[in-house]
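# Chain and residue survey
Chain by chain, the residues:
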Amino acid sequence: MTIKPLFDKVVIKNCEAEETTKSGIVLTGTAKEKPHFAEVKAVGPGTEDVKMAVSVGQKVVYNQYAGTNVKLDGAEYIVISQSDILGIIED
């Protein structure tokens, strides 16, 4: 199954949390911060007022409290409005 978002909605999947800090300290499960960056998995068509600025495959930073969590085929996704995306991560 797949999720096809409507209007200005975007389906994202969280990127994995860091296992170690930059200084080499290994983090336990409880010490890891929940990441606020994700990969875009699907993008809605937009609306007359909202043009979609993100595309599938981009990595984004999003508002911590945004969206609705959805579990599909064992994977966890978040469906958010494009306005909850704070920025696009460029390599």
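Now for a quick tour of the structure. The shown structure was predicted, so the numbers you read here are calculated from the model rather than taken from an experiment.

Definitions and limits used
Residues numbered from 1 in each chain as written. Predicted model: local features only at pLDDT ≥ 70, side-chain atom pairs only at ≥ 80, totals over all residues. Heavy atoms only, no water. Helix = DSSP H or I, 4+ residues; strand = E, 2+ residues; numbered from the N terminus. Buried < 20%, exposed > 50% of the residue type's maximum accessible area, 1.4 Å probe, protein only. Contact = heavy atoms within 4.5 Å. Areas by Shrake-Rupley, 256 points an atom, 1.4 Å probe, with all protein chains shown as cover. Pairing = 2+ DSSP bridges. Salt bridge = Lys/Arg side-chain N within 4 Å of Asp/Glu carboxyl O.

## Digging into the overall build of the chain
When you go through the chain residue by residue, the secondary structure sums to zero helices and six strands. Of the regular secondary structure in the chain, the N- to C-terminal order runs β-β-β-β-β-β. Here the chain holds 91 residues, and the buried ones make up 27% of them. Look at the contacts in the chain between residues 6 or more apart in sequence, and 61% of them connect residues 24 or more apart. About 6600 Å² of surface is accessible on the chain, with carbon and sulfur atoms providing 52% of the total.

## With respect to the pairing of strand β3 (residues 59-62)
Judged by which residues are buried, β3 turns out to be one-sided: V60 and Y62 face inward and are buried, whereas K59 and V61, on the alternate face, are not. Inspection of the sheet shows strand β2 (residues 37-43) paired to β3 by three bridges, in the antiparallel sense. Residue pairing for β3: F37 is matched across the bridge by V61.

## A closer look at the pattern of salt bridges
Applying the stated criterion across every chain, the model contains three salt bridges. E39 is the salt-bridge partner of K41, the closest N and O atoms lying 3.9 Å from each other. Judged by relative accessible area, which is 37%, K41 ranks as partly exposed. Owing to a relative accessible area of 25%, E39 belongs among the partly exposed residues under this scheme. In this structure, the salt-bridge partner of K59 is E39, at a minimum N-O distance of 3.7 Å. In this pair, K59 is assigned in strand β3 and E39 in strand β2, connecting sequence segments 20 residues apart.

## Looking at the environment of I85
Relative to the elements of secondary structure, I85 occurs in strand β6 (residues 85-89). Residues I85 and A53, spaced 32 residues apart in sequence, show a C-alpha to C-alpha distance of 10.0 Å.

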